[in-house]
Amino acid sequence: MYRALHFFTSPAARYLAAADIGGNSWWRYLLGIMVIAASWIIGGAYAYGFILSYLPLGTITEFVAINVSILMLLVAVVAVVVVLHRRPWRTLVTPYAQIDWRRMVRGAAVWVALSLVFSVIEHLLYPGRYAWSLDLQLWLPFALAALLLTPLQCAAEELVFRGYVLQGLGRLLRYPPALVILSGLLFAAPHLLNPEVAAYGLAIMAANYFVMGLFLGAIALRDGRLELAIGAHAGNNLLLALVVRYDDSVFETESVFTAGALDPVYSLLTLLLSAAFFYWWFFRKPSTAMNDSFTPEQVAQFSRDGYQIVRGLVPADGCARLRACAERDLALAVPPVEYEADTQYPGAPQSLEAPGGRTVRRLLQAYVRDAGFREWATALPIAARLKQLLGPQIALSQAHHNCVMTKDPAYSSLTSWHRDIRYWSFERPELVSVWLALGEERRDNGCLLLLPGSHMMDFDAARLDAAQFLRTDAAENAALLTTQVYAELNPGDVLFFHCRLFHAAGHNRAAQTKFSAVFTYHSTDNPPLPGTRSAAAPEISLP
């Protein structure tokens, strides 16, 4: 599962791996493409004719008809993904739990700003090329229609070309540069039917369309999601529809300025420059998930706060495989397990025979349960980061954690404030636990709570109870408890935290069981004390 780890944990891989969810046989993609194409050609033609014939909308009729015909792509691709492939349509946009609408708006804003700058430069270089053509009475209805339909039209094209098709091809060819080139070619092909091609020449217009498709494919894979591509595409088309219109454009619109003819060479040059600047603007800082190590700032934050979260370190299919293994073992209560009644935590059943007493709380010995857990626990992105925190030689402890934490909605106890080191025995209290979210972790389903910086603090006996839990009734702890943070995680997010960091967890009040895989590591020069529980199982050396 973790072959080619650097790519596997990259944003591109996480995005492409969304195609591994649900039904993904080759015949589904073949049938899906046929349905999408038929919907676009046949359904689009019908929608176009219907609007022209039965919905006379004045000057915006043609514009609305063309856009609605393209929206047949949107209807088809969503239906194909949900019904035929049996996966959420959202996975065409992002492998994460929510679509980032703000990132979409930022993508549109940056692209519009760049386009306006180059339009001003064009006006200065070629005076008289732009003519004022604003007719407010005609422009306002167009503006309303464009703002409603253009983002949907662009989203439709992106969900098909950079979403469905690119993810499908990614199952055959997981090499991002080749996929980006294919994206450009596939995007350019249908656009060669636009009237601009006949007006300005096949070669130069094909180059324009290819570069635009290349750019959109590159930012989609680099970002590991479609929001930026949808935003840039929508910003580009809105600008052409409402601000600067060229003769012989596929969309006949009312705009603020009209240029008599498109300069395809200038357009290609500025497209290349805009694409380069856009890419630099959004990706000029190294992405944490693309690297196998923490940045110096992240190491400093860990030292200060006692924890660090890496977002999206594990792709969707990796989480799905590990979760499937956990769900299988949970359904059968495959030993060894720890039951809720065994924990004696607040809210836990009093005995195994009590209602909910045999609800599994932990699937123990995760390292030997499945190859997926073994590969994950020793993967390069984990080992490299741990070496930054603990030292050059790292070992995984099979005696502590090494489990899948489960939290059942009906019988979930809460975990009071504690430090893991309270029941571990090593030469030095310097260990790090790595917590992988196999599903969403939120306040309502009992995500971890952390007290930043508490790993650096010493606590006298009066601030702790007999079991070494932090006393919430002690006045000395009141100020510290106000600093708590919720470690809310998405599937694939990974939390690294220090063994001396105080943490807690609440009840699961959601509808589904929460799953988290957690392993604990230490430096090999910090061995477990002989004869203790910490030395009861063999250590696993990391590469």
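Rules of the game
Residues numbered from 1 in each chain as written. Predicted model: local features only at pLDDT ≥ 70, side-chain atom pairs only at ≥ 80, totals over all residues. Heavy atoms only, no water. Pairing = 2+ DSSP bridges. Helix = DSSP H or I, 4+ residues; strand = E, 2+ residues; numbered from the N terminus. Axes fitted to C-alpha atoms, helices over the stretch in contact; angles between N-to-C directions. Salt bridge = Lys/Arg side-chain N within 4 Å of Asp/Glu carboxyl O. Buried < 20%, exposed > 50% of the residue type's maximum accessible area, 1.4 Å probe, protein only. Polar contact = N/O pair within 3.5 Å; in protein donor to acceptor, adjacent residues only side chain to side chain. Core = buried A, V, L, I, M, F, W, Y, C linked by side-chain atoms within 4.5 Å. Contact = heavy atoms within 4.5 Å. Expected span 1.5 Å × (residues − 1). Phe/Tyr/Trp six-rings, centres within 6.5 Å; stacked < 30°, edge-to-face > 60°. Lys NZ or Arg CZ within 6 Å of the ring centre and 35° of its normal.

### What about the sheet that holds strand S1 (residues 130–132)?
Then step 1. On the basis of which strands lie adjacent, the open sheet formed by three strands has the order S1-S3-S2 and mixed pairing. Looking at the sheet topology across the chains shown, the edges are occupied by S1 and strand S2 (244–246). On average, adjacent strands in this sheet sit at an angle of 30° to one another, irrespective of strand direction.
Then step 2. Sheet analysis places S2 next to strand S3 (residues 257–259), joined by three bridges and oriented parallel. Across the sheet, the residue bridging to Tyr 246 is Ala 259, located in S3.

### What about the sheet that holds strand S9 (residues 415–418)?
Then step 1. In space, the four strands of this open sheet follow the order S9-S14-S11-S12, with antiparallel pairing throughout. Two strands close off the open sheet at either side, each with one partner strand: S9 and strand S12 (485–487). Between one strand and the next, the sheet's axes are offset by a mean angle of 25°, whatever the strand orientation.

### Regarding the pattern of salt bridges
Then step 1. Taken as a whole and assessed by the stated rule, the structure comprises 16 salt bridges.
Then step 2. A salt bridge links Asp 525 to Arg 428, with the shortest nitrogen-to-oxygen separation between them at 3.1 Å. Of this pair, Asp 525 sits in the loop between strand S15 (514–523) and strand S16 (539–541) while Arg 428 is found in the loop between S9 and strand S10 (431–437), placing the two residues 97 residues apart along the sequence.
Then step 3. By relative accessible area, which is 33% here, Arg 428 ends up partly exposed.
Then step 4. When salt bridges that share partners are traced, they join Glu 122, Arg 129 and Asp 263 into one network.

### Here's the deal with the side chain of Arg 225
Then step 1. Along the polypeptide, Arg 225 turns up in the loop between helix H9 (202–223) and helix H10 (227–242).
Then step 2. Assessed through its relative accessible area of 13%, Arg 225 is described here as buried.
Then step 3. At a separation of 2.9 Å, a polar atom in the side chain of Arg 225 contacts the side chain of Glu 227.

### Re the nonpolar core
Then step 1. The biggest cluster of nonpolar side chains holds 50 residues, and the ones touching the most others in it are Tyr 164, Phe 215 and Phe 278.
Then step 2. With near-sequence residues (within four places) excluded, Phe 278 lies in contact with Gly 107, Val 110, Trp 111, Leu 114, Phe 215, Ile 219, Leu 228 and Ala 232.
Then step 3. Listed in part, the 37 residues of the second largest apolar core include Val 337, Val 360, Leu 436 and Ile 540.

### Overview of the pairing of strand S7 (residues 394–397)
Then step 1. The side-chain alternation of S7 yields two buried faces, one formed by Ile 394 and Leu 396 and the other by Ala 395 and Ser 397.
Then step 2. Here four bridges tie S7 to S15, and the two strands are oriented antiparallel to one another. For Ala 395, the partnering residue across the bridge sits in S15 and is His 522.
Then step 3. One ladder, built from three bridges, connects S7 with S16; its direction is antiparallel. When the bridges of S16 are listed, Leu 396 appears paired with Ile 540.

### Some details on helix H5 (residues 101–125)
Then step 1. Taking 1.5 Å per residue, 25 residues should reach 36 Å; H5 reaches 36 Å between its end C-alpha atoms and fits that length.
Then step 2. For H5, the complete set of buried residues consists of Arg 103, Met 104, Gly 107, Ala 108, Val 110, Trp 111, Leu 114, Ser 115, Phe 118, Ser 119 and Glu 122.
Then step 3. As for H5, its buried residues are in contact with S1, H9, H10, S2 and helix H11 (264–283).
Then step 4. For H5, the capping residue at the N-terminal end is Asp 100, with a side-chain oxygen 3.3 Å from the backbone nitrogen of Arg 102.

### A look at the packing of aromatic side chains
Then step 1. All told, the structure shown has 18 aromatic pairs when counted by the stated rule.
Then step 2. Each ring, one from Phe 277 and one from Trp 281, has its centre 6.1 Å from the other, and the planes form 20°; the classification is stacked. Of this pair, Phe 277 and Trp 281 both sit in helix H11, four residues apart, roughly one helical turn.
Then step 3. One aromatic cluster in this structure is built from Trp 111, Phe 215, Phe 278 and Phe 282.
Then step 4. Across from the ring centre of Phe 294, 5.4 Å away, lies the NZ or CZ of Arg 385, which sits over that ring.
Then step 5. A cation over an aromatic ring shows up here: Arg 443 above the ring of Tyr 486, its NZ or CZ 4.0 Å from the ring centre.

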